[in-house]
Amino acid sequence: MSESDESEDAAVSTASASGENPPVRRLADWNAAALRDLEAGYGSPLYVLDLDRVRENHARLEAAFPDAEVMYAVKANALADVLEALLAAGAGLECASAGELERALAAAESVPPADGLDPDGSRVHYTAVNPPSADLEYAVETAAEYPGLTITAGAEDTIDRLAERGYDGRLCLRVNPGVGAGHHEKVETGATAKFGVPAERAVSVLADAAERGFDVVGVHAHVGSGVSADQLEAHREFVSRMGDLARDVVHEVGDLEFVDVGGGFGVPYDADEEPLDLEAVADATRTALGEVGARLTIEPGRYLVADAGVLLTRVNTVKAARDTLAVGTDAGMTTLLRPAMYDAAHPIRNLATDADDRETVPQTVAGPICESSDVFCENRPLPHSERGDVLAIGNAGAYGYEMANHYNSRPRPASVVAEGDEVRLSRVRETVADVTRPERTAREQNEREAGGNAQPRIERS
Ligand code: LLP
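Residues numbered from 1 in each chain as written. Predicted model: local features only at pLDDT ≥ 70, side-chain atom pairs only at ≥ 80, totals over all residues. Heavy atoms only, no water.

> Mind laying out the overall build of the protein, listing which residues take part and the relevant values?
Of regular secondary structure, the protein possesses 13 helices and 18 strands. Here the protein has a C-alpha radius of gyration of 24 Å; the compact-globule value for 461 residues is 23 Å, and the two agree. Overall, the C-alpha framework of the protein stretches about 70 × 70 × 45 Å when taken along its three principal axes. Counting all 461 residues of the protein, 53% fall into the buried class. Sequence separation of 24 or more characterises 73% of the internal contacts of the protein that already satisfy a separation of 6 or more. Accessible area of the protein: about 20400 Å², with a carbon and sulfur share of 47%. Put simply, the protein has 42 plus and 81 minus side-chain charges, and the middle of one group is 6 Å from the middle of the other. (Helix = DSSP H or I, 4+ residues; strand = E, 2+ residues; numbered from the N terminus. Rg over C-alpha atoms; globule rule 2.2 N^0.38 Å. Buried < 20%, exposed > 50% of the residue type's maximum accessible area, 1.4 Å probe, protein only. Contact = heavy atoms within 4.5 Å. Areas by Shrake-Rupley, 256 points an atom, 1.4 Å probe, with all protein chains shown as cover. Lys, Arg positive; Asp, Glu negative; His and termini not counted. Charge placed at Lys NZ, Arg CZ, Asp CG, Glu CD.)

See below:
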């Protein structure tokens, strides 16, 4: 039995309890006994997030980038507990939608700024990607109440739509630098048509915006997500283009408050993969950016939360398939989409007390969704699974619950947060009634309208 199995009531990780801040928390560092207890108490599947680890990740980033502003990308994990912990630690929040903006401002209200003043939105950025009108309306209304809010536009159109709504507040321009990187082609953004105004148009777009009365405060780009150490060259090239651009803007348009080089810091999913050397990334970033006379802003999401979370799932089926042991779990691609969507290889650990004594055999671990992409791993050597075992899936704190969905009419799982030795429920487990509610509500609405002799809204021709 490993050391982590001995302390039933201890924190979810022995590493945090020791007061260290290692560059990565591996799945092996989680306390198996504590996780088994959580599954027994809250059921399966269950997301577990350790807020202490989120704080540790933030502290390491701050240490590596002492002069930079850290804006946490809310999309990685939007739990209020996470937003509040990071605001309290000194981070700001980067939002991708009206929903995230609402969450961020609520968190900012409950964690007032360190200067004791009322929250004015200055710790929040809203990055508008093809923003639906309702999002823009919300952002503009919100900015009237929180004038410190920064809106980042990624198209000339978006600037026009902001102006049409009477907005001329803090504006940042997202550019497309023409360099992309990331763990999968689906998350490379820096050269993708969808994102940002081509960098070569940025000066004229910003000059025009300034003329129209906008308060031009920054330039922004995001190269992609999950950038690893071997992509440092692309990162350098990208940041150096941002430095050149910022100097041009300052020269041609006016002073900037910040140059935002986005997020993307990768984390190791493979147990053998080395963590990013943050100091080296920070050095490369500073050197490539050069002197710009504006603050450096970074927007990490994954780096802050990925290794702070695990997903617990129970084994319900163990079957000899033709070439592998097929293991069925109650979590699937609706719970954690990343393996199906990006072929992401999350680490998996069997939490059974005798797991170390079992024979290691190649296993294909798959969920309950009727689709062949619903697979967490194929032919991976793991201790022989048995029905009733609890498996922990690592690095599930980023883009885990956030991408969970209702396919196959599956309710989303429960989640808990751990802090020190305490654990509390952070999201209740959904029921099928939650999944069917929009449809039932629509039927009730139709019946009410039919009862009132209302005409059908859409007639078939
Ligand atoms: N800033 C912007 C403008 C972004 O679009 C993103 C991520 C980030 C910051 C944070 O990137 P991070 O530090 O987390 O890599 N669902 C995918 C990741 C999509 C990321 C989208 N944008 C995944 O699970 O890998």
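Once the structure has been displayed, the description carries forward.
> Quick rundown of helix 3 (residues 51-64)? Include the residues and the values.
Taking 1.5 Å per residue, 14 residues should reach 20 Å; helix 3 reaches 20 Å between its end C-alpha atoms and fits that length. Taken residue by residue, helix 3 has Leu-51, Arg-53, Val-54, Glu-56, Asn-57, His-58, Arg-60, Leu-61 and Ala-64 as its buried positions. (Expected span 1.5 Å × (residues − 1).)

> Go over the domain arrangement of the protein with me, naming the residues and quoting the values.
Split by domain assignment, the protein resolves into domain 1 (3-48 + 306-427) and domain 2 (52-304). For domain 1 and domain 2, the distance between their C-alpha centroids amounts to 31 Å. Contact residues are listed per partner, giving 29 residues for domain 1 and 30 residues for domain 2. For the pairing of domain 1 and domain 2, the buried interface totals around 2500 Å² over both sides, and the portion due to carbon and sulfur atoms is 47%. Area buried by domain 1 at its contact with domain 2 is led by Asn-21, Arg-26 and Tyr-399, which between them contribute 22% of it. Counting across the domain 1 and domain 2 interface gives three salt bridges. (Domains from an automatic or database assignment. Buried area = accessible area lost by both parts, 1.4 Å probe. Salt bridge = Lys/Arg side-chain N within 4 Å of Asp/Glu carboxyl O.)

> Any details on the pattern of salt bridges? Residues and values, ideally.
Evaluation of the coordinates by the stated rule reveals 25 salt bridges. A salt bridge links Arg-358 to Glu-386, with the shortest nitrogen-to-oxygen separation between them at 3.7 Å. Here Arg-358, found in the loop between strand 13 (348-350) and strand 14 (360-366), pairs with Glu-386, found in the loop between strand 15 (375-383) and strand 16 (390-393); they are 28 residues apart in sequence, far enough to count as distant. By relative accessible area, Arg-358 is classed as buried at 13%. When its relative accessible area of 41% is taken as the criterion, Glu-386 is described as partly exposed. In this structure, the salt-bridge partner of Arg-424 is Glu-419, at a minimum N-O distance of 3.0 Å. On the basis of relative accessible area, Arg-424 is assigned to the partly exposed category, the value being 33%.

> Please give an account of helix 4 (residues 80-88) that cites residues and values.
When helix 4 is considered as a whole, its buried residues turn out to be Asp-81, Val-82, Leu-83, Ala-85, Leu-86 and Leu-87. One or two positions beyond helix 4, positive phi appears at Gly-90, with a value near 110°.

> Mind laying out the confidence of the model for the protein, listing which residues take part and the relevant values?
Taken as a whole, the protein shows an average pLDDT of 94; of its residues, 95% reach a score of 70 or greater. pLDDT under 50 marks residues 1-8. Its contacts with residues more than four places away, or in other chains, come to 17 contacts. (pLDDT = per-residue confidence, 0-100.)

> Tell me what's going on with the site of the ligand, and back it up with residues and numbers.
Lining the immediate surroundings of the ligand are 20 residues, of which His-183, Ser-225, Glu-299, Arg-338 and Tyr-399 lie closest. Between the ligand and Gly-264 there is a distance of 2.8 Å, counted from an oxygen atom to a backbone nitrogen or oxygen. Protein burial of the ligand: of its 590 Å² of free accessible surface, 92% is covered by the chains. Spatially, the ligand is embedded in the largest pocket. (Near = heavy atom within 4 Å. Polar contact = N/O pair within 3.5 Å; in protein donor to acceptor, adjacent residues only side chain to side chain. 1 Å grid on protein atoms, 1.4 Å probe; cavity = no way out; pocket = protein on both sides within 12 Å on 5 of 7 lines; lining within 4 Å. Sits in = over half its atoms within 2 Å of the grid points.)

> Tell me what's going on with the nonpolar core, and back it up with residues and numbers.
Within the largest apolar cluster, 95 residues are counted, with the highest numbers of intra-cluster contacts made by Phe-65, Tyr-72, Val-82, Val-219, Met-242 and Val-259. Broken down by element, the residue count for this core peaks at seven residues, all from helix 9 (residues 232-252). The residues contacting Val-82, other than those within four sequence positions of it, are Leu-49, Leu-51, Val-54, Tyr-72, Asn-77 and Val-305. Core analysis: the second largest hydrophobic core is formed by 17 residues, Val-327, Ala-331, Leu-382 and Ile-393 among them. (Core = buried A, V, L, I, M, F, W, Y, C linked by side-chain atoms within 4.5 Å.)

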